[in-house]
Amino acid sequence: MIKVGITGGIGSGKSTICKVFRVLGIPVFESDGVARQLMNSDPEMCAQLVELFGASVYLPNQLIDRKYLAGIVFSNPSLLAQLNGIVHPKVREVFAAWCKNQHSAYVLHESAILFESGFYKLMDKTITVIANENERIERVIKRDGATEELVNQRIRNQWSDIERIKLADFVIGNNEDELIIPQIIEIDKKLRANG
Ligand code: ATP
């Protein structure tokens, strides 16, 4: 079974595109969501995070305070690396176990930081979704009610489209004037042929 990583900058439309792959019967592993779930519920990870960041990293409702955490790690590369060192190996483990239960020609591993995290090295193929920065900013402001400044900060913390394209096997253009379904069907055909 082929493992396919799918990534793209904030607001590029990764999740939207994954929904179409799901309709085609392809299982999707939502890496960033799994990481968040683990931070909320894996006792060993919770203990490690409290040791590294202090008890304030959890909200009174026991959920991870993502804003607080982002505020710390995005301005401190060493702490970001330590956080990744706690979270990424466990996500890798969960992904490997999840793959064993899938029975399709290929699976998708969706992650905003597929390349930054090195997860792409575990994949057989990679897809990157691209869209103009202005359009991405507008979409995220509309979707999350985020400020332009916040979206720009996230963009600065991620790789650029140019860097992602260099490592990707397939690129999906998701600007307003582009049709995504024909692009997805073409990639799906190629991946099934390889599987
Ligand atoms: P993030 O990295 O922030 O999770 P994402 O890459 O997964 O973002 P989506 O959540 O799929 O992006 O898309 C961002 C927003 O833009 C969503 O509200 C989605 O409905 C919308 N959107 C996605 N593609 C298009 C498009 N082609 N035209 C208009 N709106 C779109």
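1. Some remarks on the pattern of salt bridges
This structure, assessed with the given rule, holds eight salt bridges. Across the salt bridge formed by aspartate 42 and lysine 90, the nearest N and O atoms sit 3.7 Å from each other. Placement of aspartate 42 in the loop between helix 2 (31-41) and helix 3 (43-53) and of lysine 90 in helix 5 (residues 77-100) is noted, with a sequence separation of 48 residues between them. Of the charged contacts in the structure, one is a salt bridge between arginine 156 and glutamate 149, with a shortest N-O distance of 3.6 Å. Relative accessible area serves as the criterion here: at 58%, arginine 156 is assigned to the exposed category.

2. Some thoughts on the sheet that holds strand 1 (residues 2-8)
The five strands lie next to each other as 2-3-1-4-5, forming an open sheet whose pairing is parallel. In the strand order of this sheet, the two ends are held by strand 2 (28-30) and strand 5 (170-173), each with one partner. Taking the axes of each pair of neighbouring strands and ignoring which way they run, one obtains an average angle of 25° across the sheet. Strand direction decides the pairing type here: strand 1 and strand 4 (residues 125-130), joined by five bridges, are parallel. Bridging across to strand 4, glycine 5 finds its partner in threonine 126. Contacts between helix 5 and the sheet are confined to strand 1, strand 2 and strand 3 (106-110), with strand 2 contributing the most and set at about 160° to the helix. Most of the contacts of helix 9 (residues 180-194) go to strand 5, to which it runs at about 160°, and overall it touches strand 1, strand 3, strand 4 and strand 5.

3. Comments concerning the site of the ligand
Neighbouring residues of the ligand: Gly9, Ile10, Gly11, Ser12, Gly13, Lys14, Ser15, Thr16, Arg139, Arg143 and Asn174. Arginine 143 is positioned with one of its side-chain polar atoms (N or O) 2.7 Å from an oxygen atom of the ligand. Computed on the free molecule, the ligand has an accessible area of 630 Å², of which 68% lies beneath the protein chains in the complex. Broken down by secondary-structure element, the contributors of at least two residues to the shell around the ligand are helix 1 (14-23) and helix 6 (133-144). Counting residues per element, the shell around the ligand draws most heavily on helix 1, at three residues.

4. A look at the nonpolar core
Met39, Leu49, Phe53, Leu69 and Leu83 are the most contacted members of the largest nonpolar core, which has 27 residues in total. Only helix 2, helix 3, helix 4 (66-73) and helix 5 provide two or more residues apiece to this core. No other element matches helix 5, which puts seven residues into this core. Split by domain, this core shows at least three residues from each of two domains, domain 1 (1-27 + 106-195) and domain 2 (32-101). Residues within four places of leucine 49 in sequence aside, it is in contact with Met39, Gly54, Val57, Tyr58, Ile64, Leu83 and Ile86. One finds Val4, Leu108, Ile180 and Ile187 within the second-largest nonpolar core, a separate group that totals 18 residues.

5. Brief notes about a nonpolar patch on the surface
Nonpolar side chains collect at one region of the surface, where Leu24, Ile181 and Ile185 lie side by side and expose about 240 Å² of accessible area between them. Secondary-structure assignment places isoleucine 185 in helix 9.

6. Concerning the packing of aromatic side chains
Within this structure, the stated rule accounts for six aromatic pairs. Taking 5.8 Å as the distance between ring centres and 15° as the angle between the ring planes, the aromatic pair formed by phenylalanine 115 and tryptophan 159 counts as stacked. Of this pair, phenylalanine 115 sits in the loop between strand 3 and strand 4 while tryptophan 159 sits in the loop between helix 7 (148-157) and helix 8 (161-167), placing them 44 residues apart in sequence. Given a relative accessible area of 2%, phenylalanine 115 falls into the buried group. An aromatic cluster is built from Phe29, Phe95 and Trp98, whose rings are joined through pairwise contacts.

Each value, and the rule that gives it
Residue indices follow the written sequence of each chain, beginning from 1 at its first position. Only residues with pLDDT of 70 or above have their local features reported here, since the model is predicted, and side-chain atom pairs are shown and tallied only from 80 upward, although totals for entire chains, interfaces and linings are computed over all residues. By convention in this description, side-chain values take in all heavy atoms of the structure and omit both hydrogens and water. A side-chain nitrogen of Lys or Arg and a carboxyl oxygen of Asp or Glu constitute a salt bridge if their distance falls within 4 Å. The way it works is that DSSP assigns letters per residue, a run of H or I at least four long becomes a helix, a run of E at least two long becomes a strand, and they are numbered from the N terminus. Residue exposure (1.4 Å probe, protein chains only): buried if accessible area is under 20% of the type maximum, exposed if over 50%, otherwise partly exposed. At least two bridges found by DSSP between two strands are what make those strands a pair. Interaxial angle, 0 to 180 degrees, is taken between N-to-C directions of lines fitted to C-alpha atoms, where a helix line uses only the stretch in contact. Two residues form a contact once any of their heavy atoms are found within 4.5 Å. Any residue with a non-hydrogen atom lying within 4 Å of a molecule or strand is treated as near it. N or O atoms closer than or at 3.5 Å make up a polar contact, with two conditions inside protein: a donor-capable atom paired with an acceptor-capable one, and, for residues adjacent in sequence, both atoms drawn from side chains. The protein chains shown are the only cover counted for residues, whose accessible areas, like all others here, come from Shrake-Rupley with a 1.4 Å probe. Definition used in this section: a nonpolar core is a set of buried Ala, Val, Leu, Ile, Met, Phe, Trp, Tyr and Cys residues joined via side-chain atoms within 4.5 Å. Source of the domain bounds: an automatic or database domain assignment. Surface patches are drawn from residues lacking salt bridges whose relative accessible area is over 30%; two like charges belong together within 9 Å, two nonpolar side chains (Val, Leu, Ile, Met, Phe, Trp, Tyr) within 5 Å. Centre distance within 6.5 Å is the pairing criterion for rings of Phe, Tyr and Trp, where only the six-membered ring of Trp is used; planes under 30 degrees apart are then read as stacked, over 60 as edge-to-face, and the remainder as tilted.

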